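# Topology and contacts: notes
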Amino acid sequence: MGYLFAYMRNKTDFRVAAFLFVSTIMAACLSGCSQQKYSVSFDAMNTFMTITGYGRKSEAAVKKAQTRIYEIEELLSTTKEGSDIFRINEKAGETRETSVQAETAGLLAFARDMAFSSEGAFNPCLYSITKAWGFTTGQYTVPDSLLIQELLPGTDYTKLKVDSHDGECWVGTIPGMMLDLGAVGKGYAGDQAIKVLKENGITSALLDLGGNIQVLGTKTDGTEWNVGIRNPWDSTVCAGLKIADSAVVTSGGYERFFTADDGRKYIHIIDGTTGCPVESGLAAVTIVCESGLHADALSTAMFVKGLDGAAEYWRLHRDFEMIVITDGQDLYYTEGLEGRLSVIYSFSNVFVIR
Ligand code: FAD
Ligand code: MG
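Criteria and thresholds
Residues numbered from 1 in each chain as written. Chains lettered and ligands numbered in written order. Predicted model: local features only at pLDDT ≥ 70, side-chain atom pairs only at ≥ 80, totals over all residues. Heavy atoms only, no water. Helix = DSSP H or I, 4+ residues; strand = E, 2+ residues; numbered from the N terminus. Rg over C-alpha atoms; globule rule 2.2 N^0.38 Å. Buried < 20%, exposed > 50% of the residue type's maximum accessible area, 1.4 Å probe, protein only. Contact = heavy atoms within 4.5 Å. Areas by Shrake-Rupley, 256 points an atom, 1.4 Å probe, with all protein chains shown as cover. Phe/Tyr/Trp six-rings, centres within 6.5 Å; stacked < 30°, edge-to-face > 60°. Near = heavy atom within 4 Å. Polar contact = N/O pair within 3.5 Å; in protein donor to acceptor, adjacent residues only side chain to side chain. Nonpolar A, V, L, I, M, F, W, Y, C, P; charged D, E, K, R; others polar. Salt bridge = Lys/Arg side-chain N within 4 Å of Asp/Glu carboxyl O. Pairing = 2+ DSSP bridges. Axes fitted to C-alpha atoms, helices over the stretch in contact; angles between N-to-C directions. Donors = N, O, S within 2.8 Å, 3.2 Å for Na, K, Ca; no water. pLDDT = per-residue confidence, 0-100.

## Focus on the overall build of the protein chain
Across its full length, the protein chain holds 8 helices and 20 strands. A compact globule built from 354 residues would reach a C-alpha radius of gyration of about 20 Å, and the protein chain, at 21 Å, matches this within 12%. Looking at the protein chain as a whole, 52% of its 354 residues are labelled buried. For the protein chain, contacts bridging at least 24 residues in sequence account for 60% of all contacts bridging at least 6. Of the roughly 15,900 Å² of accessible surface on the protein chain, a fraction of 51% belongs to carbon and sulfur atoms.

## Some remarks on the packing of aromatic side chains
With the rule as written, the count across this model stands at 12 aromatic pairs. In textbook terms, an aromatic cluster arises when at least three aromatic residues are bridged by ring pairs, as seen for Trp-133, Phe-135, Tyr-140, Phe-258 and Tyr-266.

## A word on the side chain of Thr-130
If you trace the backbone, Thr-130 turns up in helix α5 (residues 127-132). For Thr-130, the residues in contact, after removing those within four places along its chain, are Phe-135, Thr-136, Asp-180 and Ile-270.

## A short note on the site of ligand 1
Close to ligand 1 lie 21 residues; Asp-180, Gly-182, Ser-251, His-268 and Thr-300 are nearest. Here an oxygen atom of ligand 1 sits 3.0 Å away from a polar atom, N or O, in the side chain of Asp-296. Contact with the protein chains hides 89% of the accessible area of ligand 1, taken as 930 Å² for the molecule alone. Among the elements of the structure, α7 (185-199) and α8 (292-317) are those that each provide at least two residues to the shell around ligand 1. With 3 residues, α8 is the largest single contributor of residues to the shell around ligand 1. Residue classes in the shell around ligand 1 are distributed as 9 nonpolar, 8 polar and 4 charged.

## What to know about the pattern of salt bridges
In this structure the tally under the stated criterion is 13 salt bridges. Lys-80 is the salt-bridge partner of Glu-74, the closest N and O atoms lying 3.8 Å from each other. By relative accessible area, Glu-74 is classed as partly exposed at 46%. Notably, a salt bridge pairs Asp-156 with Lys-159, separated by 2.9 Å at the nearest N-O pair. A residue is classified by how much of its surface remains accessible, and Lys-159, at 41% relative accessible area, is partly exposed. Salt bridges here are not isolated pairs; linked through shared partners, they connect Arg-318, Glu-335, Glu-338 and Arg-354.

## Brief notes about the sheet that holds strand β5 (residues 161-165)
With antiparallel pairing, the 3 strands of this open sheet are ordered in space as β4-β6-β5. Edge positions in the sheet fall to β4 (96-100) and β5, since each of these pairs with one other strand and no more. The sheet shows a mean angle of 30° between the axes of neighbouring strands, direction not considered. Summarising the sheet, β5 and strand β6 (residues 168-173) pair through 5 bridges and their orientation is antiparallel. When the sheet's bridge partners are listed, Ser-164 is paired in β6 with Cys-169. Contacts from helix α4 (residues 102-117) reach β4, β5 and β6 within the one sheet, and its direction differs from that of β5 by about 145°.

## With respect to the coordination of the magnesium ion (ligand 2)
Within the protein, the atoms that donate to the magnesium ion (ligand 2) are Ala-183 (O), Asp-296 (O), Asp-296 (OD) and Thr-300 (OG1), at distances of 2.2 to 2.6 Å. If you list the donors of the magnesium ion (ligand 2) from N- to C-terminus, the spacing comes out as A-x112-D-x3-T. One end of the pair is Asp-296 and the other is Thr-300, both in helix α8 and 4 residues apart, which spans about a single turn. Of the two residues, Asp-296 and Thr-300, both sit in the buried class.

## What about the confidence of the model for the protein chain?
Of all residues in the protein chain, 90% have pLDDT values of 70 or greater, and the mean over the chain is 90. Residue range residues 1-35 is modelled with pLDDT below 50. Its contacts to residues more than four positions away, or to other chains, number 56 contacts.

## Points about the sheet that holds strand β10 (residues 237-243)
As summarised here, the arrangement of the 3 strands in space is β9-β10-β19, forming an open sheet in which the pairing is antiparallel. Of all the strands in the sheet, the pair left with one neighbour each is β9 (225-230) and β19 (341-343). On average, each strand axis in the sheet is inclined to that of its neighbour by 20°, with strand direction left out of account. In this sheet, β19 lies alongside β10 in antiparallel orientation, the contact comprising 3 bridges.

Structure follows, in structure tokens:
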């Protein structure tokens, strides 16, 4: 890693530091709060979400944003009968075209482009594999390698077609192909919720969509939001980040995983080349950029790529910032975060990716 600059941090009592940091965030938030704050928490997309808006009419705006998230779930869910994605997956045995709403087609076109751009690290066609490992039902199992080999041809994202003709949008799939937008759905929902909030006059808002953080504007006092990055090894905050008008999206193996009889830990993010849970040496990847959709896709893709692949991708694109935490407790961050990121936990090493 010739491009990396390293420095060691002193050992500190990170728990005390984390407590102080969280207290500071709370104090900062309280000072920015006014009577015009409205907050709603709810379950959607199988996770817990909170939307907080500030300003006149914030209650109506926040409720509309919540409704928009439910609409997106109805469209994209792999489990809700009748959703566009459910209808595509239902006939996975055939080569076929399925008529879908323009919104689903647009999102699938984005997902296919991200698959090409990341050389398959992000792959929206892995649902048959995710199912075989039991991540969709919680009935976890290590599938037979022959079954994985049978399923892999159906995960070829280069065969996914998104088209429009006869006044409708169509998605073309090959036999065995099953789609899953779980790695981008929350990010897209965040962007759409922010759009609704803006359309309804809100200029300051904080969204926590199952760990995907998205902020609109600054806090009401004009200062940036302080967002905590979760420590992958416990539930404390390991770093803080100052942001405005941004998404901060993390992918990690520490929330959805199982330990099999062989004693190995298998996580929910799949390496499309092997059909197995990815082992890239990373504990978590956080992406920072304006679009929640882009950040969500990238967090999954960079997690699959691993440290060197992610750093190489960043150097090629440079349209996002990134924090990578390795299993060996090193933290790497891209140079655009210098001055905005405060590291609290005593990582083994902290490096800047340039
Ligand atoms: P991310 O890294 O953002 O995404 C990982 C998820 O993407 C995996 O869980 C898998 O679904 C998929 N994936 C795995 N590997 C790859 C890869 N290489 N490329 C692309 N995608 C990959 N969960 C339920 O258990 N039941 C539900 O009914 C349910 N409904 C949902 C409805 C919607 C609309 C959405 C967006 C999510 C839903 N989920 C549901 C959650 C979903 O299955 C994922 O667990 C969740 O989105 C993971 O997000 P993440 O931020 O933790 O990880
Ligand atoms: Mg993601």
